[in-house]
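# Report on the structure
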Amino acid sequence: MPTPSDSKIKELEKKANNIREDLVKMLIESGSGHSAGPLGQADIFTVFYFHVLKHDPQNPMWPERDRLILDVGHCVPIRYVAMAHAGYFPKKELMTLRKIGSRIEGHPNYLRMPALETTSGPLGEGLSQACGFAMAARMDGTDLDYHIWCIGSDGEQQEGMTWEAAMFAAKYRLSNLTYIIDRNNIQIDGYTEDIMPLEPLREKYEAFGWHVMEMNGHDMREIISTLEESKSIQEKPVLIIANTTPGKGIEFIENRFGWHGVPPGAGPEDVVPKEEQAKRALEELRTLRGRIEAEHD
Amino acid sequence: MTNYNLAKNYLDEEKTEWKPMRDGAGIGIAELGGEKENVVVLAADTAGSSRAKYFAEKFPARFIQCGVQEQNMVGVSAGLAYQGKVPYAITYAAFLVGRPWEPIRTTIAYPQNHVIFVSSHAGLATGPDGPTHQMTEDISIMRCLPNFTVIAPCDYEQARKAVKAAYDLKGPVYIRNAREKTPVFTTEDSPYEAGKAQVLREGKDITAIGHGYMVYWLLKIAEELKDRISIEVINLHTIKPLDEQAIIESAKKTGRVFTCEDHNVVGGMGSAVAELLSQKYPVPMKLHGVYDIFAESGSVKDLWKKYKLDEEGTKEALLEFLNKSK
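Here is what the cut-offs are and how they apply
For every chain, the first residue of the written sequence is number 1, and numbering continues from 1 onward in sequence order. Chains and ligands are labelled sequentially in the order written, the chains with letters from A and the ligands with numbers from 1. Local features in a predicted model are, by the rule used here, given only for residues with pLDDT of at least 70; side-chain atom pairs are given and counted only at 80 or more, and totals for whole chains, interfaces and linings are based on all residues. To obtain the side-chain values, all non-hydrogen atoms of the structure were included, while hydrogens and water were left out. By definition, any uninterrupted DSSP run of H or I lasting at least four residues is a helix, any uninterrupted run of E lasting at least two residues is a strand, and each is numbered from the N terminus. The globule rule used here is 2.2 Å times the number of residues to the 0.38 power, and the radius of gyration it is set against is calculated over C-alpha atoms. Each residue is placed in one exposure class: buried if its accessible area under a 1.4 Å probe, protein chains only, is under 20% of its type's maximum, exposed if it is over 50%, and partly exposed if it falls in between. Note on definitions: angles span 0 to 180 degrees between N-to-C directions of axes, and those axes are lines fitted to C-alpha atoms, for helices only across the stretch in contact. When describing relative orientation, an angle under 35 degrees is termed roughly parallel and one over 145 degrees roughly antiparallel, while 65 to 115 degrees is termed roughly perpendicular and anything else oblique. Contacts between residues were defined by any pair of non-hydrogen atoms, one from each residue, lying within 4.5 Å. Residue polarity follows a fixed list, in which Ala, Val, Leu, Ile, Met, Phe, Trp, Tyr, Cys and Pro are nonpolar, Asp, Glu, Lys and Arg are charged, and the others, Gly among them, are polar. Start and end positions for the domains come from either an automated domain assignment or a database one. Here the quantity called buried area is the accessible surface, traced with a 1.4 Å probe, that two parts lose on coming together, added over both. Only one rule defines a salt bridge in this text: a Lys or Arg side-chain nitrogen within 4 Å of an Asp or Glu carboxyl oxygen. Should the near helix be turned counterclockwise from the far one by less than a right angle, the crossing is left-handed, whereas a clockwise turn marks it as right-handed. Criterion used throughout: strands pair if DSSP finds at least two bridges between them. A 3.5 Å cut-off defines polar contacts: any pair of N or O atoms within that distance qualifies, except that in protein one atom must be a possible hydrogen donor and the other a possible acceptor, and neighbouring residues in sequence count only when both atoms are side-chain atoms.

Attention shifts here to the overall build of chain B. Scanning chain B from terminus to terminus reveals twelve helices and 14 strands. For 326 residues, the compact-globule formula gives about 20 Å, and the C-alpha radius of gyration of chain B, at 19 Å, lands near that figure. Overall size of chain B, expressed as C-alpha extent along the three principal axes, is 60 × 40 × 40 Å. Residues classed as buried in chain B amount to 64% of the 326 residues present.

Turning our attention to the packing of helix H3 (residues 70-82) of chain B against helix H5 (residues 101-109) of chain B. Residues and elements named next belong to chain B. Their axes nearest at 9 Å, the elements H3 and H5 cross at an angle of 5°. As summarised for this structure, H3 and H5 are arranged roughly parallel, according to the angle between their axes. Where H3 abuts H5, its residues Gln-71, Val-74, Ala-78 and Tyr-82 lie against Pro-103, Ile-104, Thr-107 and Ile-108. When grouped by side-chain class, the residues that make up the contact of H3 with H5 number six nonpolar, two polar and no charged.

Residue and element names in this part refer to chain B. Along the chain, the position of Gly-98 falls in helix H4 (residues 93-98). We classify Gly-98 as partly exposed; its relative accessible area is 28%. Measuring from C-alpha to C-alpha, the distance between Gly-98 and Glu-57 comes to 27 Å, with 41 residues separating the pair along the chain. Apart from the residues lying within four places of it in its own chain, the contact partners of Gly-98 are Ala-93, Met-135 and Ile-141.

Residue and element names in this part refer to chain B. By the assigned domains, chain B splits into domain 1 (13-183) and domain 2 (198-324). For domain 1 versus domain 2, the separation of C-alpha centres amounts to 24 Å. Each side of the interface is counted separately: domain 1 has 37 residues, and domain 2 has 38 residues. Of the roughly 2,700 Å² buried between domain 1 and domain 2, counting both surfaces, carbon and sulfur atoms make up 58%. By the criterion of area lost to domain 2, the three top residues of domain 1 are Leu-124, Thr-136 and Arg-143, representing 25% of everything that side buries. Applying the counting rule to domain 1 against domain 2 returns two salt bridges. One salt bridge connects Glu-13 with Lys-220, and the closest N-O pair in it is separated by 2.5 Å.

What follows is about the packing of helix H1 (residues 6-30) of chain A against helix H4 (residues 76-86) of chain A. Residue and element names in this part refer to chain A. Packing of H1 against H4 leaves a shortest axis separation of 9 Å and a crossing angle of 120°. On the basis of their axis angle, the class for H1 and H4 is oblique. As H1 packs across H4, the resulting crossing turns out to be right-handed. Across the interface between the two elements, Lys-15, Asn-18, Ile-19, Asp-22, Leu-23, Met-26 and Leu-27 of H1 pack against Pro-77, Ile-78, Val-81, Ala-82 and His-85 of H4. Residues that form the contact of H1 with H4 fall into these classes: eight nonpolar, two polar and two charged.

Before going further, it helps to spend a moment on the sheet that holds strand S9 (residues 198-201) of chain B. All names here are of chain B. If you walk across this open sheet you meet the five strands as S9-S11-S10-S13-S14, and the pairing is mixed. Edge positions in the sheet fall to S9 and strand S14 (285-290), since each has one partner strand and no second. In this sheet, neighbouring strand axes are inclined to one another by 25° on average, regardless of whether the strands run parallel or antiparallel. As defined by bridge partners, strand S10 (residues 206-210) adjoins strand S13 (residues 257-264) across four bridges and the pair is classed as parallel. Bridge pairing in S13 links Thr-207 to Val-257.

Turning to the interface of chain B and chain A, a few remarks are in order. Each side of the interface is counted separately: chain B has 25 residues, and chain A has 29 residues. Buried area between chain B and chain A, both sides added, is near 2,200 Å², and the carbon and sulfur share of it is 58%. Counting every contact that joins chain B to chain A gives one salt bridge. Between Asp-140 of chain A and Lys-85 of chain B there is a salt bridge, and its shortest N-O distance comes to 2.4 Å. Here chain B is connected to chain A by twelve residue pairs in polar contact (both at pLDDT 80 or more). Counting residues per element, the ones that place at least two in the side of chain B that touches chain A are strand S3 (63-65), H3 and H5 of chain B.

So, in structure tokens, the structure goes:
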């Protein structure tokens, strides 16, 4: 794939911030849901749905589509917004998040929206399922027709099942699989390295037989080149450690684990009072978008 | 009454062949593999003893050895099922459905993935390995999962048919098999339909419901006591969904229901029948089985005797119930 032009990068950056804005509005409306992880993954999801992913929103179950499997189910709000922007369903439906009867539930429900590929929520189960997808493609001889992507979190590296799958993927040389770990260093109870240290994460996966890459999860150009390069690796599954800032784009949320599982309007009050959180969050995003536009215009 | 084509002289224990259900299941899956190209078999380091090997030898490209990774085996099965494969995940009951229960709930039951879990080593019929391997809670934990079908075949031949019938069902299926050789009293010609209870012997005084090899004891007890009491014997091989009509009809006819199973009486097949009858047609009931304990190591025959799961112990429990419910 050719190197993306500057205007393409700028377009993706704008898109990511529109997506962040809709994400925050959606979370405020819902009054429940995770903030930090989804904001941190906004750039990666934007790149997937608007550049890298082989997909067709008008034909979501197209047999040759790339499979994007969300291991870390609680980050699904950002996927919903990216999908709505890509045309999978009307944007106004985003306001039904977590409400009774909605297709977009608190955690991904495959039965209500098959384009999500799987149902997930309990951590550490996605990589195993991604391995199953990859094995099926290989058995069918279609492993070169489409790629299996799995997005996981750093917290779920504490689950034993993740490491079972890591062994399995290496044994079966699932090079049609790329696993992306959102390395944002936080989990609900605190910083990962305090709760249950993960480092040296890169060396662990290398020792398990994986090809490991790293990227800045907020640099559009780097995200694109790393994802594309991961598809060309032979004989080994690929892990991409995506270094991200949880809550990216809203300063009072960034890097603070107290924001892991709550929406703006319900977060910690030590910096911004609850009633002001929603307003401030949207204001900050607008400022950020303004800054990006100014940088390029 | 349906002709079940039971084995000739099946009531004569000496003339009855004894074979393990796990063998029937393993052979049935291998036979199915020849007919259905999307069948995939997964094993967790017990391909030999759980009989996944029969399939693996014939179809190595569709066999996945997961090693000692039951949780991962569940997740991989889910991924395969999402892609249109029909995975059969096979290992010992305690590890197959006990160890990874939550991954089964989330990745298989809830999204209704058509994955078939086939166990061996269910019940005390596991023998000397002891309680860690004698799975006596599997029916309880699988039948409470929405969307699951739960099947406990009565013998080798029925296990062979059940694994094939499961292919045509929708959603997830759990099939429970014992390790030990047990009497083969059905035949290749015996009919089998998942979800349909089999009234193997009609009676009017009491309904006796079993699953697994204990159905054979019930048939022998009914024959032995036929001059004193008329026992209706039901093989309830499909525990979920329950064949409500067959159970209620029988309860209406006899007015008393005895259940027996090599499984904890808490949450097992007897509980399922009690849940039904207590709400729709209450009759006196006795639930015989493993009485909420962990047993111990021992030969299967010694375990059956001590824990009253053999023919003698079952007859004793049934007669005691009869006397009390007169």
